[in-house]
Amino acid sequence: MRSVDRSLLLTFQPGSATASRTPTAAATLPAAVLWDMDGTLIDTEPYWMSAETELVEAHGGVWTREDALGMVGSSMAVCARTLRSRGVALPDEEISGFLNARVAAGVAAGIPWQPGARELLDELVAAGVPLALVTSSFAVLAEPFARAVGVFDVVVSGDEVAHPKPHPEPYLTAAARLGVDVRDCVAVEDSRSGIASAHASGARTLAVQLIAPVEPLDGVSITGSLRAVSLDVLAGMVAGHVVDLRGEGAPVTEG
């Protein structure tokens, strides 16, 4: 695990949605940043949606875009149960195997980074901030991605927790493995269940509004793109700020 210089301080300017990306001085960096994978760091949701549609239609059912959006961030058990309700007469392991294989094939063609994701990861690594990957995807997808990227100190996949998202266990597990207080961490999520999981864990939560709509939740910050997120913004969140970075002049409030 990389060491963290807890004395590294940043300037955070309330009221500014475009804080400097250069570390200066004022508030402490997060003890760690805990990342969701699908939809947040990488744009795999189209692969999941396509695979779900293919599977349901192969069994004579209908799967709409609204159905697919409803599955964003769901555990594999929830997804399998829902697909069976649409006529997919297969056990969990066969459903998960099919979906994972389709998504893995898509990612193998090239990591589909969300805008600003790779750059923000690199800045956090340069600043010495530990990183965890906390995903509902199974290890068969999470581990190869983590190895390819090479920046995560900890990986918590959906098949290794007793209670997947929206339960807080995945984020609490990641913080425990890193040896940090989850309340000093920032968790980055894009789905309803993921945001609920991160928020319930006590982590400072940043919701990224991308493919699925994000409902406002007290104490949860929000952005429309990771490009708007700087180290200063993350430090401000740890200091108690709740930010909205979805537009020019977006508000920043005290938590």
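Look up a bit, the structure's there.
Residues numbered from 1 in each chain as written. Predicted model: local features only at pLDDT ≥ 70, side-chain atom pairs only at ≥ 80, totals over all residues. Heavy atoms only, no water.

**A word on the overall build of the protein chain**
Rules: Strands here mean DSSP runs of E at least two residues long; helices mean DSSP runs of H or I at least four residues long; both are numbered from the N terminus. When accessible area is computed with a 1.4 Å probe and restricted to protein chains, residues below 20% of their type maximum are described as buried, those above 50% as exposed, and intermediate ones as partly exposed. Any two residues whose heavy atoms approach within 4.5 Å are treated as being in contact. Residue-level accessible areas treat just the shown protein chains as cover; the underlying method is Shrake-Rupley with a 1.4 Å probe.
Scanning the protein chain from N- to C-terminus turns up nine helices and 10 strands. Across the 255 residues in the protein chain, those meeting the buried criterion constitute 52%. Intrachain contacts of the protein chain at a sequence separation of at least 6 include 57% that bridge at least 24 residues. When the accessible surface of the protein chain is summed, it comes to about 10600 Å², and 54% of that surface belongs to carbon and sulfur atoms.

**Regarding the pairing of strand S9 (residues 241-245)**
Which entries qualify depends on this criterion: When DSSP finds at least two bridges between two strands, those strands are taken to pair. With the strands aimed away from the viewer, a crossover counts as right-handed if its path from the first strand over the helix to the second runs clockwise.
Of all the five residues making up S9, five are buried; the element is thus mostly covered by neighbouring parts of the structure. Side-chain alternation along S9 places His 241, Val 243 and Leu 245 on one buried face and Val 242 and Asp 244 on a second face that is also buried. Direction of pairing for strand S8 (residues 221-223) relative to S9: parallel, over a ladder of two bridges. Residue pairing in the sheet places Ile 222 in a bridge with Asp 244 of S9. Handedness of the crossover is the feature at issue here: the chain leaves S8, passes through helix H9 (residues 231-238), returns alongside S9, and the resulting connection is left-handed.

**Comments concerning the nonpolar core**
Convention followed: Nine residue types can take part in a nonpolar core, namely buried Ala, Val, Leu, Ile, Met, Phe, Trp, Tyr and Cys, and a core is a set of them joined through side-chain atoms within 4.5 Å.
Counting 53 residues, the largest nonpolar core has Trp 35, Leu 41, Leu 83, Leu 99, Leu 124, Leu 133 and Phe 152 as its most contacted members. Excluding residues that lie within four positions of it along the chain, Phe 152 makes contacts with Trp 35, Leu 41, Leu 121, Leu 131, Ala 132, Leu 133, Phe 145 and Ala 146.

**Quick notes on the packing of aromatic side chains**
Aromatic ring pairs are defined here through the distance separating the ring centres and the angle between the ring planes. Defined as follows: Ring geometry is summarised as follows: Phe, Tyr and Trp rings, the Trp one being its six-membered ring, pair when their centres sit within 6.5 Å, and such pairs are stacked at plane angles under 30 degrees, edge-to-face over 60 and tilted between the two.
Enumeration according to the criterion identifies two aromatic pairs in this entry. Ring centres of Trp 113 and Phe 145 lie 5.8 Å apart, and the angle between their planes is 55°; this geometry places the pair in the tilted category. Highlighted residues: Trp 113 in the loop between helix H4 (92-108) and helix H5 (117-126) and Phe 145 in helix H6 (residues 139-149), separated in sequence by 32 residues. Among the residues examined, Phe 145 registers a relative accessible area of 3% and is labelled buried. Seen in terms of ring centroids, Phe 145 and Phe 152 are 6.2 Å apart; in terms of plane orientation they differ by 40°. Their pairing is tilted. An aromatic cluster is defined as three or more aromatic residues linked by ring pairs; in this entry it consists of Trp 113, Phe 145 and Phe 152.

**Some details on the environment of Arg 86**
For clarity, the threshold we go by: What qualifies as a polar contact is a pair of N or O atoms within 3.5 Å, subject to a donor-acceptor requirement within protein and to the restriction that residues adjacent in sequence count only when both atoms come from side chains.
Examined against the element boundaries, Arg 86 turns out to sit in the loop between helix H3 (76-85) and H4. Sequence-wise, Arg 86 and Val 56 are 30 residues apart; in three dimensions their C-alpha atoms are separated by 6.6 Å. Among the polar contacts made by the side chain of Arg 86, one reaches the side chain of Asp 67 at a distance of 2.7 Å.

**Quick word on the pattern of salt bridges**
What counts here: By definition here, a salt bridge exists when the distance from a side-chain nitrogen of Lys or Arg to a carboxyl oxygen of Asp or Glu is within 4 Å.
Counted according to the given criterion, the structure contains nine salt bridges. Between Asp 181 and Arg 183 there is a salt bridge, and its shortest N-O distance comes to 2.8 Å. By relative accessible area, which is 30% here, Asp 181 ends up partly exposed. In the salt-bridge network here, residues are joined through shared partners; they are Asp 36, Lys 165 and Glu 189.

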